[in-house]
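Each chain, written out:
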Amino acid sequence: MRVASRTLLFALLLGIAAGARADVPPAQVLEAVRGDLTHGRADQGLQALDTVLAQDPKSAEAYNLRCRIYLQEQRWGDAIKPCQAAVKLAPDNSNYHLWLARALGEKADRVSFITAFKMAKQIHVEFETAAKLDPHNVSALSDLGEFYVDAPGIVGGGVDKAEGVAQQLDAIAPDRAHYIRARIAENQKDYPRAEEEYKAAITGSKDPADAWMDLASFYRKRQRWDDMIQAVHKGAALDTEHGVASADGASVLIRAGRDLPFAKQLLEAYLTSSNQSEDQPAFQTHVQLGKLLSKLGDAPGAQEQFAAAVELAKDYQAGAQAATNSGR
């Protein structure tokens, strides 16, 4: 009886994950989609969301998840509408405003200066709304702080405002407060102070692997190669479950063109880990690893990685293009 129950449960989960069971409650399908989002199963997640929205066309969460999958696939323009729909349906949800701001920000990075300037005001409003709706939303506060650092004053930016956000973060996420102050110092070209703040973020973090990779990225920009490599190795040693910190460390090394065999090791460990992240979907990692393998002379291995990416996300253009190029 117990074996039969497990078999039934497994069949049910398969139906939920594939979005194929119209009689499965939408809440269960959405939970499965969150797993798809974490593990980079874009096509499967979008198919399931079609099922949810057919049953409940006013599901704000379904629209939000669709937006986030589109962002993973780098479909910047497509992501905005579902994020707007989520905000319209649930205007008091802090995270929905945050994801809309992120979608608008990604699109703004890829349009003309005039269009981006117009969009910046809306991005500002959405980030501030997300932070006001939930003063303890660390992600919203961090993104707002970074916006203040990067944006000119005419569209709402300013280091004084960023410092104000850092002070808010002091009480709830001191590591993120130090990160914002590091960004402020970099903006002001005070690199010794920036380094101090990045190191303080490591000390103040409960899970410092990510903070080590932030420091490694700082060293890369300063072309301090030995310090960069050491920071990546320290962060990777702490990331025992091979999560997004390992993937970030690999990205730092690849961008610097250094210690590439270790970068390969980190990406392979991430892809076999159960601790994957929405921030680094598997299909993106497959493409990244494929390009690295190609650079290291492993053409068959690269082609295998590109094919794996297409299998998970057929509309991810970087994956489809890499697969096409590798087959020539």
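What counts, and where the lines are drawn
Residues numbered from 1 in each chain as written. Predicted model: local features only at pLDDT ≥ 70, side-chain atom pairs only at ≥ 80, totals over all residues. Heavy atoms only, no water. Helix = DSSP H or I, 4+ residues; strand = E, 2+ residues; numbered from the N terminus. Rg over C-alpha atoms; globule rule 2.2 N^0.38 Å. Buried < 20%, exposed > 50% of the residue type's maximum accessible area, 1.4 Å probe, protein only. Contact = heavy atoms within 4.5 Å. Areas by Shrake-Rupley, 256 points an atom, 1.4 Å probe, with all protein chains shown as cover. Lys, Arg positive; Asp, Glu negative; His and termini not counted. Charge placed at Lys NZ, Arg CZ, Asp CG, Glu CD. Phe/Tyr/Trp six-rings, centres within 6.5 Å; stacked < 30°, edge-to-face > 60°. Lys NZ or Arg CZ within 6 Å of the ring centre and 35° of its normal. pLDDT = per-residue confidence, 0-100. Axes fitted to C-alpha atoms, helices over the stretch in contact; angles between N-to-C directions. Parallel < 35°, antiparallel > 145°, perpendicular 65-115°, else oblique. Left-handed = near helix turned anticlockwise from the far one by under 90°. Nonpolar A, V, L, I, M, F, W, Y, C, P; charged D, E, K, R; others polar.

Explanation requested: the overall build of the protein chain in the structure shown.
When its secondary structure is counted, the protein chain shows 18 helices and zero strands. Against the compact-globule benchmark of 20 Å for 328 residues, the protein chain has a radius of gyration of 21 Å, which places it among compact chains. Each principal axis of the C-alpha distribution contributes one length, and for the protein chain these read about 60 × 50 × 45 Å. Considering the protein chain as a whole, with its 328 residues, one finds that 48% of them fall into the buried category. A sequence separation of at least 24 residues applies to 53% of the contacts in the protein chain between residues at least 6 apart. Carbon and sulfur atoms make up 51% of the accessible area of the protein chain, which totals about 16,100 Å². Counting 37 positive and 43 negative side-chain charges, the protein chain places the centres of these two groups 4 Å from one another.

Can you walk me through the packing of aromatic side chains in this structure?
Each aromatic ring pair is described using two quantities: the centre-to-centre distance and the angle formed by the ring planes. Enumeration over the complete set of coordinates arrives at seven aromatic pairs. Where Phe-127 meets Phe-147, the ring centres are 6.0 Å apart and the plane angle is 50 degrees; that geometry is what we call tilted. With Phe-127 in helix H7 (residues 113–133) and Phe-147 in helix H8 (residues 138–150), the pair connects residues that are 20 residues apart, well separated along the chain. Grouping residues by exposure puts Phe-127 and Phe-147 together as buried. These aromatic residues form a ring-pair network of at least three members: Tyr-179, Tyr-198, Phe-218 and Tyr-219. A cation over an aromatic ring shows up here: Arg-222 above the ring of Tyr-191, its NZ or CZ 3.8 Å from the ring centre. The side chain of Arg-258 reaches across the aromatic face of Trp-225, ending 4.1 Å from its centre.

Help me understand the confidence of the model for the protein chain, please; the structure alone is not making it clear to me.
Low pLDDT marks regions whose predicted coordinates should not be analysed in detail. Predicted confidence across the protein chain gives a mean pLDDT of 92, with 92% of residues reaching 70 or more. Across residues 1–21, confidence stays below pLDDT 50; counting only partners more than four residues off in sequence or on other chains, it has 19 contacts.

What exactly am I supposed to notice about the packing of helix H14 (residues 244–256) against helix H15 (residues 260–271) here?
A pair of packed helices can be characterised by two numbers: the angle between their axes and the separation between those axes. Where H14 contacts H15, the two axes come as close as 8 Å, and the packing angle between them is 155 degrees. The pairing of H14 with H15 is recorded here as roughly antiparallel in orientation. For the pair H14 and H15, the crossing hand works out as left-handed. Contacts between H14 and H15 pair Val-244, Ser-246, Ala-247, Gly-249, Ala-250, Leu-253 and Ile-254 from the former with Leu-260, Phe-262, Ala-263, Leu-266, Leu-267 and Tyr-270 from the latter. The residue makeup of the contact of H14 with H15, split by class, is 11 nonpolar, two polar and no charged.

What is the right way to look at the packing of helix H9 (residues 159–172) against helix H10 (residues 174–187) in this model?
Close contact between H9 and H10 brings their axes to 7 Å; oriented N to C, the two are set at 160 degrees. By the angle between their directions, the pair H9 and H10 is classed as roughly antiparallel. For the crossing formed where H9 meets H10, the hand is left-handed. The segment H9 lies against H10, with Val-159, Ala-162, Glu-163, Ala-166, Gln-167, Leu-169, Asp-170 and Ile-172 engaging Pro-174, Arg-176, Ala-177, Ile-180, Arg-181, Ile-184 and Asn-187. Classifying every residue of the contact of H9 with H10 by side-chain character gives nine nonpolar, two polar and four charged.

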